[in-house]
Amino acid sequence: MSLLYFGSDNSVGASAPVMQALQEANAQGALPSYGNDPFTARAVDAVRRVFSRPAEVFFVPTGTAANALALAQLTPRWGSIYCTQEAHIAVDEANAVELQTGGARLVTLPATGGRLLPETLHKSLTEGSADRPHNARPSVLSLTQATEGGLVYSPAEVKALADIARTHRMKVHMDGARFANAIATLGCDPADVTWRAGVDVLTFGASKGGVLQAEAVVFFNPADATDFDYRRKQGGHLVSKSRYMGAQFEAWLQGDHWLELARHANAQALALADGLEKLPGARLPWKPEANEVFCFLARPVH
Ligand SMILES: Cc1ncc(COP(=O)(O)O)c(C=O)c1O
């Protein structure tokens, strides 16, 4: 029996091609470990091809690790990281960012559906006090793509926000736990909504999109990645049998499998939203743009 379970995209298994790739990686006999295997090398190349950029790429097993380690790489301990009040880094990561950064603060901003508006960011940065060395230094803007509310930033929206961050000498991080779903909706070149729009580091999520367990931290400017290998190791996220993460990513990216899966997930979300909208006593706060559906339900309907 197969249950329908609407809690999260983490509830479903991995795709057949990904599982097949894992079997094949397993059948290879002995291979170098800790990222020195051919699967990891090919997966890094595949990520670079997706972004048309010689990025520095590091695989880790969880999105929380990817976010916290990436942000720790971008901010000094006395920095502050701007994000929305719904941001996963702010509400769902048990202060992992604060731990890994060793003291940086999250500044959470209001947003509808998790999509931050440039005016909100601008207002917060210009109205806040910047008394050196007493106040934390604004150091990173973190955007989630697709947002925690299931909305998507266009390349122009990312650029508008990143431009403000740049004006304040801040770096830009993107939590792409559902980046695939965003690209499936936008239909744009992944480079256009990341480094060409001003994103410095992307947490490229694959676990929610069809792999078993793997995420990539993608540094678009190699200088930002200096000593990140130590940071990942010290944080306990350098996986010894690295071939399996590499194999998953390689299979996921091959032939646009990642986008096929994301398009399917997005279509299913829309179908669910359409059905919910027809129910008396149900109201969608906004139309889903990715694979997350939020709905107000009257208690008896629930
Ligand atoms: C927006 C977002 N970022 C990051 C994550 C990473 O989570 P995890 O550490 O569970 O892999 C999630 C998972 O729900 C998420 O929704």
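For the structure, check the block above.
This section reports on the structure supplied with the text. Treat the numbers as computed from the prediction; the structure is a model and nothing was measured.

## A short note on the site of the ligand
Thinking step 1. Near the ligand you find Thr 62, Gly 63, Thr 64, Asn 67, His 88, Glu 93, Thr 144, Glu 148, Asp 175, Ala 177, Arg 178 and Lys 208, and these make up its full shell.
Thinking step 2. His 88 places a side-chain nitrogen or oxygen 3.3 Å from an oxygen atom of the ligand.
Thinking step 3. Contact between the ligand and Lys 208: an oxygen atom at 2.7 Å from a side-chain N or O atom of the residue.
Thinking step 4. Isolated, the ligand exposes 390 Å² of accessible area, and the fraction of that covered by the protein chains is 80%.
Thinking step 5. At 3 residues, helix α3 (residues 63-74) tops the list of elements feeding residues into the shell around the ligand.
Thinking step 6. Classifying every residue of the shell around the ligand by side-chain character gives 1 nonpolar, 6 polar and 5 charged.

## Section: a nonpolar patch on the surface
Thinking step 1. A contiguous nonpolar surface patch, about 200 Å² in accessible area, is contributed by Leu 279, Leu 297 and Val 301.
Thinking step 2. Following the sequence through the fold, Leu 279 ends up in the loop between α11 (257-277) and β8 (282-283).

## Quick notes on the pairing of strand β1 (residues 56-60)
Across a regular strand the side chains alternate sides, sitting on one face of the sheet and then on the other.
Thinking step 1. Of all 5 residues in β1, 4 are buried, a share of seventy percent or more.
Thinking step 2. In the sheet, β1 pairs with strand β7 (residues 215-219) via 5 bridges, with the strands oriented antiparallel. Bridging from a neighbouring strand, Phe 58 pairs with Val 217 of β7.

## Quick look at the pattern of salt bridges
Thinking step 1. Using the criterion set out here, one finds 11 salt bridges in the structure.
Thinking step 2. The residue Arg 42 makes a salt bridge to Glu 250 at a minimum N-O spacing of 2.7 Å. Here the residue Arg 42 occupies a position in helix α2 (residues 38-51), and Glu 250 occupies one in helix α10 (residues 243-253), the gap between them amounting to 208 residues.
Thinking step 3. With a closest N to O distance of 3.4 Å, Glu 292 and Arg 178 form a salt bridge.

Analysis parameters
- Residues numbered from 1 in each chain as written.
- Predicted model: local features only at pLDDT ≥ 70, side-chain atom pairs only at ≥ 80, totals over all residues.
- Heavy atoms only, no water.
- Near = heavy atom within 4 Å.
- Polar contact = N/O pair within 3.5 Å; in protein donor to acceptor, adjacent residues only side chain to side chain.
- Areas by Shrake-Rupley, 256 points an atom, 1.4 Å probe, with all protein chains shown as cover.
- Helix = DSSP H or I, 4+ residues; strand = E, 2+ residues; numbered from the N terminus.
- Nonpolar A, V, L, I, M, F, W, Y, C, P; charged D, E, K, R; others polar.
- Patch = residues over 30% accessible without salt bridge, like charges linked within 9 Å, V, L, I, M, F, W, Y side chains within 5 Å.
- Salt bridge = Lys/Arg side-chain N within 4 Å of Asp/Glu carboxyl O.
- Buried < 20%, exposed > 50% of the residue type's maximum accessible area, 1.4 Å probe, protein only.
- Pairing = 2+ DSSP bridges.

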